[in-house]
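# Secondary and tertiary structure notes
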Amino acid sequence: MKKLLLLAICLLITSFVSAQQYIFGPRSDYVFGSSTESKIGIEVGTNISNVTATSSGINFNTAPVHGFNAGLVFEIPVSSTASIAPEALYSQKGYMATTPSGGFTQKNTFIDVPLLVKFKLSPIASLSLGPQFSYLLTTQNTYNPGFVALTEHYYENNNISTYWDWAMGLSFNVIRHLDLRVRYTIGLTQTPSNGDLYVPDYRSQVWQFGLGYKF
């Protein structure tokens with residue numbers, strides 16, 4: 001059964017690559033980015049976000065939450081295989097936590113500005129990486145019944161509104177102008193606990209999945 005599944009996957013990949021070559025040609029200008037024209041487009045997708053604690057000794061267990069992302073994407077070629085690819089995205093992030101005081105869910109909205117460099121790995125695949133600047137718009141905490149009200153203020157917004165992350169991801173051309181994207185971001189800015197016994201130092205982490213369309 002496993003051999004049949006592996007064979008089916010190999011056949012699917014081979015068919016997909018053949019279809020790309022049929023649509024674009026063996027060395028399409030679009031796929032290999034030989035055009036020197038800059039492009040603008042849109043992106044929509046979903047976020048799976050969480051945080052990772054960086055301080056120990058605090059009982060703080062987390063789980064991911066889902067959100068939405070959408071915005072503008074740009075691509076400025078600098079060579080036949082590399083380009084500068086900044087973006088401006090509206091992005092929903094957050095996490096769920098279980099603490100000694102009870103459970104809660106935090107949902108945040110950000111404006112994310114990834115400043116990426118994009119490298120073509122093959123006719124259909126590209127790698128993007130670089131820093132990301134994030135500006136916090138809103139924060140909302142929802143506390144489970146039974147949460148200790150006196151400790152709620154420990155989990156409210158810590159007044160940090162700007163963050164830096166590191167982003168890396170892959171994109172795959174499905175048809176002309178349309179691509180599938182997957183990206184992972186990890187926080188470079190650490191949220192300080194300020195000495196609280198209830199909140200650890202932590203960094204954000206997000207998986208993003210989406211579609212991009214360039215005009």
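Residues numbered from 1 in each chain as written. Predicted model: local features only at pLDDT ≥ 70, side-chain atom pairs only at ≥ 80, totals over all residues. Heavy atoms only, no water.

### Some thoughts on the nonpolar core
Nonpolar side chains in soluble globular proteins generally cluster together in the buried interior. Counting residues in hydrophobic clusters, the biggest one holds ten residues: Val51, Phe60, Tyr95, Ala97, Phe104, Tyr143, Phe147, Tyr155, Val199 and Tyr202. Residues within four places of Phe147 in sequence aside, it is in contact with Thr99, Ser101, Gly102, Gly103, Phe104, Glu152 and Tyr155. (Core = buried A, V, L, I, M, F, W, Y, C linked by side-chain atoms within 4.5 Å. Buried < 20%, exposed > 50% of the residue type's maximum accessible area, 1.4 Å probe, protein only. Contact = heavy atoms within 4.5 Å.)

### So, the packing of aromatic side chains
By the definition in use, this model includes ten aromatic pairs. Pairing Phe104 with Tyr143 gives two aromatic rings, centres 5.8 Å apart and planes at 40 degrees, and the pair type is tilted. Of this pair, Phe104 sits in strand S5 (residues 102-120) while Tyr143 sits in strand S6 (residues 125-143), placing them 39 residues apart in sequence. Judged by centre distance (5.4 Å) and plane angle (75 degrees), the rings of Tyr213 and Phe215 are edge-to-face. Since its relative accessible area comes to 35%, Tyr213 is described here as partly exposed. (Phe/Tyr/Trp six-rings, centres within 6.5 Å; stacked < 30°, edge-to-face > 60°. Helix = DSSP H or I, 4+ residues; strand = E, 2+ residues; numbered from the N terminus.)

### Quick look at the pairing of strand S7 (residues 162-175)
Sheet topology places S6 next to S7; eleven bridges connect them, and they run antiparallel. Note that in S7 the partner of Leu129 across the bridge is Met168. Where S7 lies against strand S8 (residues 178-187), ten bridges are found, and the strand directions are antiparallel. Counterpart to Phe172 in the pairing with S8 is Leu180. In sequence, S7 turns back onto S8 through a hairpin of two residues, with His177 there showing a positive phi of about 80 degrees. (Pairing = 2+ DSSP bridges.)

### Description of the environment of Gly103
Here Gly103 shows up in strand S5. In this structure the C-alpha to C-alpha distance between Gly103 and Phe60, which are 43 residues apart in sequence, comes to 9.7 Å. Setting aside its immediate chain neighbours within four residues, Gly103 contacts Ala97, Thr98, Thr142, Tyr143, Asn144 and Phe147.

### Section: the side chain of Asn141
The topology assignment puts Asn141 in strand S6. Taking the relative accessible area as the measure of exposure, Asn141 reaches 14% and is therefore buried. Separated by 3.1 Å, the side chains of Asn141 and Gln106 make a polar contact. Separated by 3.3 Å, the side chains of Asn141 and Tyr143 make a polar contact. (Polar contact = N/O pair within 3.5 Å; in protein donor to acceptor, adjacent residues only side chain to side chain.)

What is shown is where atoms sit, not what they do.
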